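Chain by chain, the residues:
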Amino acid sequence: MRPDLERKVADLERLLVRVALEHAPAALASSLSAEDMVITDAILRRKLDIEIFTLDTGRLHADTLNVIAAIRERYGYAVHVFRPDPAAIAEYVAQFGRDAFYESVDLRKRCCHLRKVEPLERALEGKEAWITGQRRAQAATRTGLERQEYDAAHGIVKFNPLADWSEDEVWETIRHFGVPYNALYDQGYRSIGCAPCTRPTVAGEDVRAGRWWWEIKEAPECGLHVAPDGRLTRSKTEAVT
């Protein structure tokens, strides 16, 4: 591993140790992405007291769900899984149709709210801080991402420890530590969400271009990182050292 990346990995681990000690109880909200697997590996290698959870929307790829089993096999850790309210999903499908999210941005956001945002709210109940695998280079909407922010929507501190990492650095770390990852990455996917809302990317597209590709590209977010007023949650707190 290159010395500069070694320093980034060491810095990641120091930040996670600080989160575990100073912001307990804390949790990693894992989408089971490559970025989240780098953080998962650091947490479990260091045996840190940080919960790891994921949101099973009911529409994930089988390859994505397989990562949960891979984490259990590799690290002996059972990822906490949160699912949407079945009654709310049934009502949405009955009223609009199972794949109504293709019809309008509003219907897509309603689906994302039911399948992701509401379960996330349950997952974060009682937490003092949450951790994400977001990076600035993933999309234009994330260029202002800070490593530590105050999440006004949930009233807790939010950490984005890979904010300044590149995609290449993520993958070099995965290879170095032999971290398990979603097999869809080997099929051209670079950002993976629900199966009907994700496609592989092509040369020249940004990392998240395969998410909700039928919509305008100014708003490639699902709502997990958006405040109730529709703005991205960006409230910088003290600098991370």
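Throughout this description, residue numbers start from 1 for each chain and increase along the sequence as written. Where local features are concerned, this predicted model is filtered to residues with pLDDT of at least 70; where side-chain atom pairs are given and counted, the filter is 80 or more; whole-chain, interface and lining totals use all residues. Side-chain figures throughout are based on the complete set of non-hydrogen atoms in the structure, without hydrogens or water.

Brief notes about the sheet that holds strand β3 (residues 80-82)
Then, in step 1: Read from one edge of the open sheet, 6 strands run β3-β2-β1-β4-β6-β5, paired in mixed fashion. Taken across any chain shown, the strands that pair with only one partner, and hence form the sheet edges, are β3 and β5 (148-151). Adjacent strand axes in the sheet meet at a mean angle of 30°, parallel and antiparallel pairs treated alike.
Then, in step 2: Where β5 lies against strand β6 (residues 156-159), 4 bridges are found, and the strand directions are antiparallel. When the sheet's bridge partners are listed, Gln148 is paired in β6 with Phe159. When DSSP locates at least two bridges between a pair of strands, those strands are taken to pair. What counts as a helix is a DSSP run of H or I of at least four residues, what counts as a strand is a run of E of at least two, and both are numbered from the N terminus. Under this scheme, a helix contributes an axis fitted over its contacting stretch, all axes are lines through C-alpha atoms, and angles between N-to-C directions fall in the 0 to 180 degree range.

Quick notes on the confidence of the model for the chain
Then, in step 1: Summary of the metric used: pLDDT quantifies the predictor's per-residue confidence within the range 0 to 100. In the predicted model, the chain carries a mean pLDDT of 89, and 89% of its residues have values of at least 70.
Then, in step 2: Every residue pair with non-hydrogen atoms within 4.5 Å of one another is taken to be in contact. Contacts of residues 225-241 to residues separated by more than four positions or lying in other chains number 40 contacts, the stretch itself having pLDDT below 50.

Topic: the packing of helix α2 (residues 34-45) against helix α6 (residues 167-177)
Then, in step 1: Two elements in contact, α2 and α6, have axes separated by 9 Å at closest approach and are oriented at 45°. If you check the angle between α2 and α6, you find them oblique. For α2 against α6, the interelement crossing comes out left-handed. Facing α2, whose interface residues are Ala34, Glu35, Val38, Asp41 and Arg45, α6 presents Val170, Trp171, Thr173, Ile174 and Phe177.
Then, in step 2: A per-class count over the contact of α2 with α6 returns 6 nonpolar, 1 polar and 3 charged. Angular relationships are summarised with four words: roughly parallel below 35 degrees, roughly antiparallel beyond 145, roughly perpendicular across 65 to 115, and oblique for the angles in between. Crossing handedness: left-handed means the near helix sits turned counterclockwise from the far one by under a right angle, and right-handed means the same turn made clockwise. In this classification, the charged set is Asp, Glu, Lys and Arg, the nonpolar set is Ala, Val, Leu, Ile, Met, Phe, Trp, Tyr, Cys and Pro, and all remaining amino acids, among them Gly, are polar.

Thoughts on the environment of Glu73
Then, in step 1: Topologically, Glu73 is positioned in helix α3 (residues 62-75).
Then, in step 2: A simple rule labels every residue: compare its accessible area, found with a 1.4 Å probe on the protein chains alone, to the largest value its type can have, and call it buried under 20%, exposed over 50%, or partly exposed in between. For Glu73, a relative accessible area of 73% translates into the label exposed.
Then, in step 3: On a C-alpha basis, the gap between Glu73 and Pro180 in space is 9.9 Å, while along the polypeptide they are 107 residues apart.

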